[in-house]
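Results of the structural survey
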Amino acid sequence: MSELLGKGIRMLVQISMPQEQIRQIQALAPQMRIDQLKRSDARYYEALREAHIVVGWPRVEDLPQAGNLRWLQIAGAGANRYVDVLPSHVILTNASGVFGIPIAEHVFAMMLAFTRGIPQALDAAKRSAWLGYMTLGELFGSTCGIVGLGDIGTEVARRAKAFGMRVIAVKRTLGIKPECVDELRDASELDWLLESSDHVVVTLPGTVHTTNMIDAGRLSLMRPGSYIYNIGRGSVIDESALIQALREGRPAGAGLDVFADEPLPVESDLWRLPNVIITPHVAGSTPQHGARLAQIVMRNLPRFLAGQPLENLVDRYWGY
Ligand code: GLV
């Protein structure tokens, strides 16, 4: 590879990334200047103005200052903040591939908590109350329905299979059915998935196409005793319809990491429903974030420098 690779190019890395990975990125483009700066650093705005490549989640209101920007590699999976505001000549890539493992583990934390009565046990333990016999469920033999089979959905599917669940999924672009999925249908079969699942896992991004996709009518298709989990974007499920459905006990419970408004307002009835597990948009949290994101940057940087198409490209129409 040419020693001159990256000459005149500047990259701003705006998240924490281990130095080892920064060195590896640098080795791919020895002449590129890499600034690793936080928004609070004095030189941040100067670096943002000069940067051709930004890796991180720059504030949307700061983007007009990034006049040299040619490629934005966001640090998250969901690109909803950027799709409409980033000029069309700027390449937008997402961090799909970084969050599948932590989010799938988070989904199973919630699924197992509901199935094995963990919220009730924790609550009783706070009162030093011995609950005695509890009627608990099993994941084994139940059906896990996954809405959206990208990186996250696929990692959920793998784990669901390992728990002995039947795994079904719907996806906008079908492709090849992974081995861990028993039945894969296209997005028009969402109603079938809702009718057929004991645990529905919603992994969809927040786009104009997914807003309120799961509304009152669709929630009413869910099985008695079933559960729904949302780790994609809050806008995908009609939140007031969900609150009403949860009050009526169908679905029996919801594990929610994302909400229509974040932080979830204190007035939201979701806080007061006994059959809801709320986590504060942290399902993707992992110590591997920076190192995994660096792998995407390393795969894409040589392509960017060679003017070739990048991986993880966000489709501005579909919004992810
Ligand atoms: C977080 O929700 C992300 O999109 O990465």
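Presented here is an overview of the structure given in this document. All values derive from a computational prediction rather than experimental measurement.

**What to know about the site of the ligand**
Around the ligand sit Gly76, Ala77, Gly78, Phe99, Arg233 and His281, and those are all the residues in its vicinity. At 2.6 Å from an oxygen atom of the ligand is found a main-chain nitrogen or oxygen belonging to alanine 77. Histidine 281 has a polar side-chain atom sitting 2.5 Å from an oxygen atom of the ligand. Relative to its unbound accessible surface of 190 Å², the ligand loses 80% to contact with the protein.

**Structural notes on the pattern of salt bridges**
Here the structure, examined in full by the defined rule, presents 21 salt bridges. Between aspartate 123 and arginine 127 there is a salt bridge, with the nearest N and O atoms lying 3.3 Å from each other. When its relative accessible area of 53% is taken as the criterion, arginine 127 is described as exposed. Put simply, aspartate 182 and lysine 161 hold a salt bridge, and the shortest N to O gap is 3.0 Å. In this pair, aspartate 182 sits in the loop between strand E7 (166-171) and strand E8 (183-186) while lysine 161 sits in helix H5 (residues 151-162), placing the two residues 21 residues apart along the sequence. A relative accessible area of 32% means that lysine 161 is categorised as partly exposed. Here the residues in one salt-bridge network are Arg10, Arg33, Asp35, Arg43, Glu46 and Glu50, joined through shared partners.

**Considering the sheet that holds E7**
Strand order in the open sheet formed by seven strands is E8-E7-E6-E9-E10-E11-E12, and the pairing between neighbours is parallel. Where the open sheet ends on each side, the last strands, each with one partner, are E8 and strand E12 (276-278). This sheet shows a mean twist of 15° between the axes of neighbouring strands, independent of strand direction. The pairing of strand E10 (residues 227-230) with strand E11 (residues 253-256) spans four bridges and is parallel. The residue bridging tyrosine 227 from the neighbouring strand is glycine 253, located in E11. Across the face of the sheet, H5 comes into contact with strand E6 (143-147), E7 and strand E9 (199-202) while running at roughly 175° to E6.

**Here's the deal with the state of the cysteines**
The tally for this structure, following the rule as stated, stands at zero disulfides. With no disulfide of its own, cysteine 144 has cysteine 180 as its nearest cysteine by sulfur position, at a separation of 10 Å. Residue classification places cysteine 144 among the buried positions, given a relative accessible area of 0%. Since its relative accessible area comes to 12%, cysteine 180 is described here as buried.

**Some thoughts on the side chain of threonine 279**
Its location among the elements puts threonine 279 in the loop between E12 and helix H9 (289-305). There is a polar contact of 2.6 Å between the side chain of threonine 279 and the side chain of aspartate 257. Not counting residues up to four positions away in its chain, the partners in contact with threonine 279 are His106, Leu256, Asp257 and Phe259.

Reading guide: rules and limits
Residues numbered from 1 in each chain as written. Predicted model: local features only at pLDDT ≥ 70, side-chain atom pairs only at ≥ 80, totals over all residues. Heavy atoms only, no water. Near = heavy atom within 4 Å. Polar contact = N/O pair within 3.5 Å; in protein donor to acceptor, adjacent residues only side chain to side chain. Areas by Shrake-Rupley, 256 points an atom, 1.4 Å probe, with all protein chains shown as cover. Salt bridge = Lys/Arg side-chain N within 4 Å of Asp/Glu carboxyl O. Buried < 20%, exposed > 50% of the residue type's maximum accessible area, 1.4 Å probe, protein only. Helix = DSSP H or I, 4+ residues; strand = E, 2+ residues; numbered from the N terminus. Pairing = 2+ DSSP bridges. Axes fitted to C-alpha atoms, helices over the stretch in contact; angles between N-to-C directions. Contact = heavy atoms within 4.5 Å. Disulfide = S-S within 2.5 Å.

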